[in-house]
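# Residue-level structure breakdown
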Amino acid sequence: MARGNTPPGSQSSLREANRARLVESLKRHGRLTQVELAGSTGLSPATVSNIVKELTATGLLHTTTITSRNGRRATLVSLARQLGLVAGVHYSSRQLHIAIADATRTIVTQSSLPLPIDHRHDAELDRLSLLLGDMMESLGGTVNDLLAVGLGLPAPIDPNTGMVSTPGLLRGWEGVDIAESLTARVGRPVFVDSEANLGGLAEARDGAARGAASAVFIRVGHTIGAGLVVDGDLFRGVNGKAGQIGHVTIDENGPICRCSNRGCLETYAAGPALLSLFPPGEGMQRLSDLIQAADSGDGRSHRVIADAGRHIGIAAASLCNLFDPELIVMGGELAQAGEILMAPMRHSLERTALASTGGLPEIVASTFGEWAETRGAIAMALDHVTVDADVMPATA
């Protein structure tokens, strides 16, 4: 059925629009019951039921019967896995994560590798194209079988240019349209965003922030950033710089930051600043070393992480006063310290954020840990995949 031959406002046009609305809801939420689909699309339960039957018959949707908590049976609906695969890629400052998933956001294979300090886009994108090829070959396919690739970087990305929006934050990747550069290598559509935004997207779609009206994902590792989520969608700002909490000024007379300002939060609470507090001979090379020492009872390590939590809490209080989120989700390497980090954060938030009759936002750990940003890259890739809902059952 060709869309161009359907008169606007006709019954056929309305059916097409309803099918498209239902498919977009499944792309956004993953799996939903028919009752939930009716709520998310605004369609009647009868209309949803009819569309699900039609699109299941064509192979576009997959349904399973489940038993809810109250003992009632319900139909769970998802996009069919055979629609194709997407890849999610996350470059952090020191680690590369890659995952390939189907249309239901179920990961079918994944891999992670260490990265050199100050890695560059040309060498890393060359390596990524080879790795994607190897991973797809292990699944019996090629890179050409990928529908799209989502990629996260440890810096804000200008949505207008596809480039790193702030000089100095990711040397070796600046002045380059990353999506265009990777597309030239793999021949597939590529979409790029900051790692904090993608972590927030993953938590809003399937994790700790699912269902929250507004949430902040704060990623603390060798860099610090935040993803702002409103009604399940990212707020990026005009130039993609929204949520750069790592560059909130803590002390205007403090150390010079890599962004060229003084006293940014990163100079007090990011990985390099914390590890620099220990003599070189003590073996504190990575944040995992610091967290392990704190968990083992080392008082200095415990104090260093707690102080970082206090500083992050002060910056988060300013963010709460401006953005007023319902929930704060903590991710990144340092978040693995758990309450050693988050308890001082709560204390700073209580002391410095504006009081509210509804209380302060809850601070919780990421559902997906170190894979949150990669899962967000998968969700972003799927958001850009066109699924043709303009189909009818073979018997029609």
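Residues numbered from 1 in each chain as written. Predicted model: local features only at pLDDT ≥ 70, side-chain atom pairs only at ≥ 80, totals over all residues. Heavy atoms only, no water.

Below, the discussion takes up the overall build of the chain. A count of helices and strands for the chain gives 12 helices and 13 strands. Whereas a compact globule of 396 residues would reach a radius of gyration of roughly 21 Å, the chain reaches 23 Å, a difference of no more than 12%. A sequence separation of at least 24 residues applies to 62% of the contacts in the chain between residues at least 6 apart. Total accessible area computed for the chain in this model is approximately 17700 Å², and 50% of it derives from carbon and sulfur atoms. In the chain, 33 side chains carry a positive charge and 41 a negative one; their mean positions are 5 Å apart. (Helix = DSSP H or I, 4+ residues; strand = E, 2+ residues; numbered from the N terminus. Rg over C-alpha atoms; globule rule 2.2 N^0.38 Å. Contact = heavy atoms within 4.5 Å. Areas by Shrake-Rupley, 256 points an atom, 1.4 Å probe, with all protein chains shown as cover. Lys, Arg positive; Asp, Glu negative; His and termini not counted. Charge placed at Lys NZ, Arg CZ, Asp CG, Glu CD.)

All right, on to the sheet that holds strand β5 (residues 95-102) then. Across the sheet, which stays open at both edges, the 5 strands sit in the order β6-β5-β4-β7-β8 with mixed pairing between neighbours. What marks the edges here is a single partner per strand, and that holds for β6 (107-114) and β8 (190-194). Strand-to-strand twist across the sheet, computed as the mean angle between neighbouring axes with direction ignored, equals 15°. Relative to β6, β5 runs antiparallel, the two being bridged by 7 bridges. Residue pairing across strands places Ile-100 opposite Thr-109, the latter belonging to β6. Lying on the sheet, helix α6 (residues 195-206) is in contact with β4 (85-91), β7 (146-153) and β8; it crosses β8 at an angle near 100°. Helix-sheet contacts for helix α12 (residues 372-383) involve β4, β5, β6, β7 and β8, and the interaxial angle to β4 is about 140°. (Pairing = 2+ DSSP bridges. Axes fitted to C-alpha atoms, helices over the stretch in contact; angles between N-to-C directions.)

Among all positions in helix α5 (residues 178-186), only Ile-178, Ala-179, Ser-181, Leu-182 and Val-186 are buried. One side of α5 carries all its buried residues, which in axial view fall inside an arc of 165°. Counted as exposed and oriented over 90 degrees from the buried face of α5: Glu-180 and Ala-184. Contacts made by the buried residues of α5 are with α4 (121-138), β7 and β8. The backbone nitrogen of Ala-179 has a side-chain oxygen 3.3 Å away, supplied by the residue at the start of α5, namely Asp-177. Where α5 ends, the next residue or the one after it, Gly-187, has phi of about 70°, a positive value. (Buried < 20%, exposed > 50% of the residue type's maximum accessible area, 1.4 Å probe, protein only. Arc of directions from axis to C-beta. Polar contact = N/O pair within 3.5 Å; in protein donor to acceptor, adjacent residues only side chain to side chain.)

Let us look at the sheet that holds strand β3 (residues 73-79). If you trace the 3 strands from one edge of the open sheet to the other, you get β1-β3-β2, paired in antiparallel fashion. Every other strand in the sheet has two partners, leaving β1 (32-33) and β2 (61-67) as the edge strands with one partner each. Across 2 bridges, the pairing between β1 and β3 is antiparallel. Paired with Leu-32 across the bridge in β3 is Val-77.

Looking now at the packing of α6 against α12. Orientation of α6 relative to α12, taken along the N-to-C sense of each, is 80°, at an axis distance of 7 Å. With respect to α12, the axis of α6 lies roughly perpendicular. Here Glu-195, Leu-198, Gly-199, Leu-201, Ala-202, Glu-203 and Arg-205 of α6 lie close against α12, whose contacting residues are Ala-372, Glu-373, Arg-375, Gly-376, Ala-377, Ala-379, Met-380 and Asp-383. Partitioned by chemical class, the residues of the contact of α6 with α12 number 7 nonpolar, 2 polar and 6 charged. (Parallel < 35°, antiparallel > 145°, perpendicular 65-115°, else oblique. Nonpolar A, V, L, I, M, F, W, Y, C, P; charged D, E, K, R; others polar.)

The subject of this paragraph is helix α11 (residues 339-352). Between its first and last C-alpha atoms α11 spans 19 Å; for 14 residues at 1.5 Å apiece the expected length is 20 Å, and the two agree. All of the buried residues in α11 are Ile-340, Leu-341, Met-342, Pro-344, Met-345, Ser-348 and Leu-349. For α11, the elements touching its buried residues are α9 (287-295), α10 (299-323), β12 (327-331) and β13 (362-365). (Expected span 1.5 Å × (residues − 1).)

It is worth spelling out the pairing of β3 at this point. Where β2 meets β3, 7 bridges bridge the pair, whose relative direction is antiparallel. In the sheet register, Thr-64 faces β3, and the bridge partner there is Leu-76.

The buried fraction of β4 is high, at 7 of 7 residues. Here β4 shows a buried face lined by Leu-85, Ala-87, Val-89 and Tyr-91 and a second buried face lined by Val-86, Gly-88 and His-90. Note: β4 against β5, 7 bridges, orientation antiparallel. Looking at β5, one finds that Tyr-91 is bridged to Leu-96. Turn length for the β4-β5 hairpin, with the two strands adjacent in sequence and antiparallel, is 3 residues.

Turning next to the pattern of salt bridges. In total, this model carries 18 salt bridges according to the counting rule given. In this structure, Arg-258 engages Glu-266 in a salt bridge whose closest nitrogen and oxygen atoms are separated by 2.7 Å. Owing to a relative accessible area of 6%, Glu-266 belongs among the buried residues under this scheme. The structure contains a network of salt bridges with shared partners spanning Glu-195, Arg-219, Glu-333 and Glu-373. (Salt bridge = Lys/Arg side-chain N within 4 Å of Asp/Glu carboxyl O.)

We now examine the state of the cysteines. Scanning the model with the defined rule gives 0 disulfides in all. This cysteine, Cys-257, is not joined by any disulfide, and Cys-259 carries the nearest cysteine sulfur, 3.7 Å off. By relative accessible area, Cys-257 is classed as buried at 6%. Of the cysteine sulfurs around Cys-259, a residue in no disulfide, the closest is that of Cys-264, at 3.6 Å. (Disulfide = S-S within 2.5 Å.)

Residue position: Asp-102 is located in strand β5. Setting aside chain neighbours within four positions, we find Asp-102 in contact with Arg-81, Gly-84, Leu-85 and Leu-382.

Now for the packing of helix α1 (residues 11-29) against helix α3 (residues 45-57). At their nearest, the axes of α1 and α3 sit 10 Å apart, and the two run at 80° to each other. Compared by their axis directions, α1 and α3 come out roughly perpendicular. Two secondary-structure elements touch here, α1 through Asn-18, Arg-19, Leu-22 and Val-23 and α3 through Thr-47, Val-48, Ile-51, Val-52, Glu-54 and Leu-55. Of the residues assigned to the contact of α1 with α3, the class counts are 6 nonpolar, 2 polar and 2 charged.

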